[in-house]
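Structural description and commentary
One-letter residues, chain by chain:
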Amino acid sequence: MCGSSFGPGNLLQNPGFESGLEFWYSNNVTLADTVPAEGTQVATMNGGVACLSQDVALDLRPSALLLSFIAYTLPNVEDPGPLFAEVQWLDGEKIVIGSGLRIRMNEGMITDRRITISDITTRSPGGARYARVLFSKGGSGDDQVALDQVLLVPVRSPNLLRNPGFEAGLSDWQAENFTSSYIAPLVNNGNALLTNADIGTLKQDISLSGQCPRSHYLLGFSLRSNLVALPVFSLIWLDWRGEELGRGIDEFISGGTLASQDNFLSYLTVSGPAPLGAVSARVLFSVVAVENAGFSIDEVFLVNMESGNLVKNAEFADGLDFWQADYAKVVEGESAYTESHFAQFSLIGGSLFQLVELPPLSSGHSFLFSFAIRFSKRNDITKPMAEVRWLDIFGRDLGLAASVIPSLSGNDPLLWEVFVVSTGPAPNGAVAARVLFNKEITVFGGNVDVDHVLLARLE
Ligand SMILES: [Ca+2]
Ligand SMILES: [Ca+2]
Ligand SMILES: [Ca+2]
């Protein structure tokens, strides 16, 4: 299992609906261009019942898949839903033979604040030849859900956590001051809640037996807080005695970030390699919250990854080190997406890029690309650009690996939006990549902030 295999990138065709509903089967779905999350178009699941699906061919070898998408309502639409997202396994005759993932976003969770949902399927069963991504919506009247930027990509393991969405309360987790809750979860019915306490911890230990030695791990989760809360999230390596060997992930979120978001905010982060002698890993959330704050965690996952984050100084903690900036700067602020710093483009625009070295023998392999971004000018829209390009050993351009052009509406308070995409397979001769962000002038003002840039090899 430790030999890596080639990665196809996103299995879906037309994943951002830029060529309408081509490749998708749909019922009661239309297109909108008023407020796309990315590009020019989004799929709009219209009032009442609606569904949207696409079948993709699978490799013969069983694999787990990462599903990610952006969901939101169009302006002046109240509490649509519920929205179901599902990945079904189909045999060679396209008969459904199992379900790899089924999640439900309840009424009230999908708002005009775009939310990025990511989750992991089980491993596909032996007879599976296709996977079907299926979105279905109930509701009535003129409620509408917009969907954009759908990603379905193979990952190296299923979710290694048990009870990752708190559907069985806090079983399998060790909690201090966290309680189980069935109020306002992001997904399905359960979530973990910290209330009326200033400090809480929530942790789960995972055996690394069966995982390739020195593996990296992708940790994903969603957090919500109504008042100031300071969460720290960690992945701790443990030896056979349960003693700490070091930390693969150790990051914090500033106190004000979640409170101003007014909904769940999702995070994806990749660890460094597990050290020799690590037999288990501990996922740990430690939270300091002000009195009467409600702090929720939902939808946690941990999967094996081929590489760590290839982007250096991805948090901008060391200013512009490793980055080449033209009219872009680093700002220290209470509302960073993670930790204390983020990159900023002012109204005059600018660019920011980093040359990233790929791991050896990366040709044919795909990479996960993710970042958080926001725009500060209310009642205005800007379309910054994020792209990854392949480079050869001489620094020559070998083509586009990934391109994301968000349509960002200015909000008050400022809201982070999270984009998660996959590159296609790296071409022959690709040894590096250029990760670039830029923004054009916005004549009426407004800054674009970027944080937590992630590029990591999937398989
Ligand atoms: Ca789109
Ligand atoms: Ca849940
Ligand atoms: Ca940061």
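Residues numbered from 1 in each chain as written. Chains lettered and ligands numbered in written order. Predicted model: local features only at pLDDT ≥ 70, side-chain atom pairs only at ≥ 80, totals over all residues.

For the rest of this paragraph, the subject is the overall build of the chain. A count of helices and strands for the chain gives one helix and 32 strands. Here the C-alpha radius of gyration of the chain, 21 Å, is about what a compact globule of 459 residues would show, namely 23 Å. Considered along the principal axes of its C-alpha atoms, the chain spans approximately 60 × 55 × 50 Å. Here the chain holds 459 residues, and 50% of them are scored as buried. Counting contacts in the chain only where the partners sit at least 6 residues apart, residues at least 24 apart contribute 78% of the total. (Helix = DSSP H or I, 4+ residues; strand = E, 2+ residues; numbered from the N terminus. Rg over C-alpha atoms; globule rule 2.2 N^0.38 Å. Buried ≥ 20, exposed ≤ 12 C-beta atoms within 10 Å, placed from the backbone. Contact = placed C-beta atoms within 7 Å.)

This part covers the sheet that holds strand β1 (residues 25-27). Taken together, the five strands give an open sheet; going across it, the order is β1-β4-β9-β6-β7, and neighbouring strands pair in antiparallel fashion. The sheet is open, and its two edges are formed by β1 and β7 (96-105), each paired on a single side. Direction aside, the axes of adjacent strands within the sheet are offset by 15° on average. The pairing of strand β6 (residues 83-90) with β7 spans eight bridges and is classified as antiparallel. By the bridge assignment for β7, Ala-85 is matched with Ile-103. (Pairing = 2+ DSSP bridges. Axes fitted to C-alpha atoms, helices over the stretch in contact; angles between N-to-C directions.)

Moving on to unusual backbone geometry. Phi is positive for Asn-379, close to 60°, though the residue is something other than glycine. Tracing the backbone shows Asn-379 in the loop between β25 (367-375) and β26 (381-382). Residues other than glycine seldom take positive phi values, yet His-452 does so here, at roughly 55°. Inspection of the secondary structure puts His-452 in strand β32 (residues 448-457).

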